[in-house]
Amino acid sequence: MIRRALLVAVAALSLSGCSAVSHWSQAAGGHLALMRAARPVDDWLADPATAPDLAERLRLSQQMRDFATRRLALPDNNSYRRYADLHRPAAVWNVVAAPEFGFELKTWCYPVMGCAGYQGWFSRDEAQAHADALQAEGWEVQVQAIPAYSSLGWSRVLGGDPLLNTFIRYPEGELAAMLFHELAHQRVYVADDTGFNEAYASAVELLGAREWLAAKPEALAAFEDGRARRERFLALARQGRERLAAVYAGPAAQRAEGKAAVTAELRARAPDEAPGYEAWFQRANNASFAILSAYDELVPAFIRLFEREGRDWVKFHAAVERLKPLSREERRANLRGQGGPHESGSSSRQTR
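This text gives an overview of the structure that appears in the document. What you see is a predicted model; the values in this text were computed from it and never measured.

## What to know about the overall build of the protein
No. 1: Broken down by element type, the protein carries 13 helices and eight strands.
No. 2: Counting across all 352 residues of the protein, residues that qualify as buried make up 57%.
No. 3: As displayed, the protein offers around 14,300 Å² of accessible surface, 54% of which is attributable to carbon and sulfur atoms.

Structure follows, in structure tokens:
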């Protein structure tokens, strides 16, 4: 099972709108309810009713938050200075959809943030109802529980994006990765390019977490072990996606049979080649493969860019900023021109 082992995803719709009034209404209402539930971390620490283990995690999160600004050149604002217990296992539930024989994600468009290959709902039941409607139209659909999202900095006037019970007790390396990933979305964001945004944030989370853990060998070893297991999963998933792409490019009459054969093979290989991720392959469909690729594909290129900029965070973020005015295709060509198509150490955020 993938926890934020493909941990976080950005819903980024909290203050956005949607053509469907019902979705805009639940998004705005859900976000405001989340913000009202948040209290300053200092208040939680001063409250004798706060559990000791939660207090320890909150203190640690504030050290990470300071590190993000001081060392990683991420935004210095009020995000992640408050905490909320939502009394539920996810912040939002994302609906993801793709065609029966393809990997092009269905997109939804919002003011400010542009279009994204997922739609977030604050109610699990509403998300499932929307997914069921899409499935009835012929889409392959996934509903994914998402532990955190970013308002892209627009929540500053309401107190900033808060820490949540949905991720505060993650292992130290993954908690740091979570915060760095979400803050990266506030540092650079390109409308209408989910893959670019998520790969950039995923590179920041991986590189940043390694720096945070550099003086903590045991925690770093645990983090790297988890990322190595994840990379084995990603390798098998990439192989499966490539095999399925070849099937979909072939004769239409053979696509259903070929798809079934590839899917069965992946499920059989998963226990040996991607242990711990068997459940993902059991329920995987085109929507799963498509969103996974969006988060994973460009990460190595961003890591190479970081190295090219001398591992200087200020220069790295500035170099990413310079890619924003380019077209989607030009951004990818620029990034990929720095090296080969893939390398280990990548990360992904959307599966669960």
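## Side note on the nonpolar core
No. 1: Counting 63 residues, the largest nonpolar core has Leu163, Phe167, Phe180, Phe302 and Phe316 as the members making the most contacts within it.
No. 2: Counting residues per element, this core draws most heavily on helix H6 (residues 194-212), at ten residues.
No. 3: Those residues in contact with Leu163 that sit more than four places away from it in its chain are Val41, Leu58, Ser61, Gln62, Tyr80, Arg82, Tyr83, Ala84, Ile168 and Leu179.
No. 4: Ala127, Val262, Phe289 and Ala294 belong to the second-largest nonpolar core, a separate cluster that totals 40 residues.

## Looking at the pattern of salt bridges
No. 1: Scanning the model with the defined rule gives 23 salt bridges in all.
No. 2: Where Arg230 meets Glu174, a salt bridge forms, and the shortest distance between an N and an O atom there is 3.2 Å. With a gap of 56 residues between them, Arg230 in helix H7 (residues 217-248) and Glu174 in helix H5 (residues 172-187) connect regions that are remote in the sequence. For the pair formed by Arg230 and Glu174, the shared burial category is buried.

## Considering unusual backbone geometry
No. 1: The phi torsion at His87 lies on the positive side, around 60°, for a residue other than glycine.
No. 2: For His87, a relative accessible area of 69% translates into the label exposed.
No. 3: Phi at Arg311 takes a positive value of approximately 60°, unusual for a residue other than glycine.
No. 4: Within the secondary structure, Arg311 sits in the loop between helix H11 (299-308) and helix H12 (313-321).
No. 5: On the basis of relative accessible area, Arg311 is assigned to the partly exposed category, the value being 37%.

## Here's the deal with the packing of H5 against H7
No. 1: Contact pair H5 / H7: the axes reach a minimum separation of 8 Å and the direction vectors enclose 70°. Considering the angle they form, H5 stands roughly perpendicular to H7. Contacts between H5 and H7 involve Glu172, Gly173, Glu174 and Ala177 from the former and Ala219, Phe223, Arg227 and Arg230 from the latter.
No. 2: Looking at the contact of H5 with H7 residue by residue, the class counts come to three nonpolar, one polar and four charged.

## What to know about the pairing of strand S7 (residues 140-146)
No. 1: With six of seven residues buried, S7 is to be regarded as a mostly interior element.
No. 2: Where strand S3 (residues 92-98) and S7 come together, seven bridges link them in antiparallel fashion. The residue bridging Val96 from the neighbouring strand is Gln142, located in S7.

Scoring rules and cut-offs
Throughout this document, residue positions are counted from 1 along each chain, in the order its sequence is written. With pLDDT at 70 or above as the cut-off, local features in this predicted model cover only qualifying residues; side-chain atom pairs require 80 or more to be listed or tallied, and sums for whole chains, interfaces and linings still use all residues. The basis for every side-chain value is the complete set of heavy atoms in the structure, and neither hydrogens nor water enter the calculation. Counting from the N terminus, the helices are the DSSP runs of H or I reaching at least four residues and the strands are the DSSP runs of E reaching at least two. A simple rule labels every residue: compare its accessible area, found with a 1.4 Å probe on the protein chains alone, to the largest value its type can have, and call it buried under 20%, exposed over 50%, or partly exposed in between. With residues, only the protein chains shown are counted as cover, and all accessible areas are computed by Shrake-Rupley using a 1.4 Å probe. We define the nonpolar core as a collection of buried residues of types Ala, Val, Leu, Ile, Met, Phe, Trp, Tyr and Cys that are connected through side-chain atoms lying within 4.5 Å of one another. In this analysis, two residues are considered to be in contact whenever any of their non-hydrogen atoms come within 4.5 Å of each other. The salt bridge definition used is simple: a Lys or Arg side-chain nitrogen within 4 Å of an Asp or Glu carboxyl oxygen. A fitted line through C-alpha atoms represents every axis, and for helices the fit uses only the stretch in contact; the resulting angles, taken between N-to-C directions, go from 0 to 180 degrees. Just so you know how the angles are binned, under 35 degrees is roughly parallel, over 145 roughly antiparallel, 65 to 115 roughly perpendicular, and the rest oblique. For this scheme, ten residues count as nonpolar: Ala, Val, Leu, Ile, Met, Phe, Trp, Tyr, Cys and Pro. Four count as charged, namely Asp, Glu, Lys and Arg, and the remainder, Gly too, count as polar. Only strands joined by at least two bridges in the DSSP assignment are considered to pair.

All we've got here are geometric facts, nothing functional implied.
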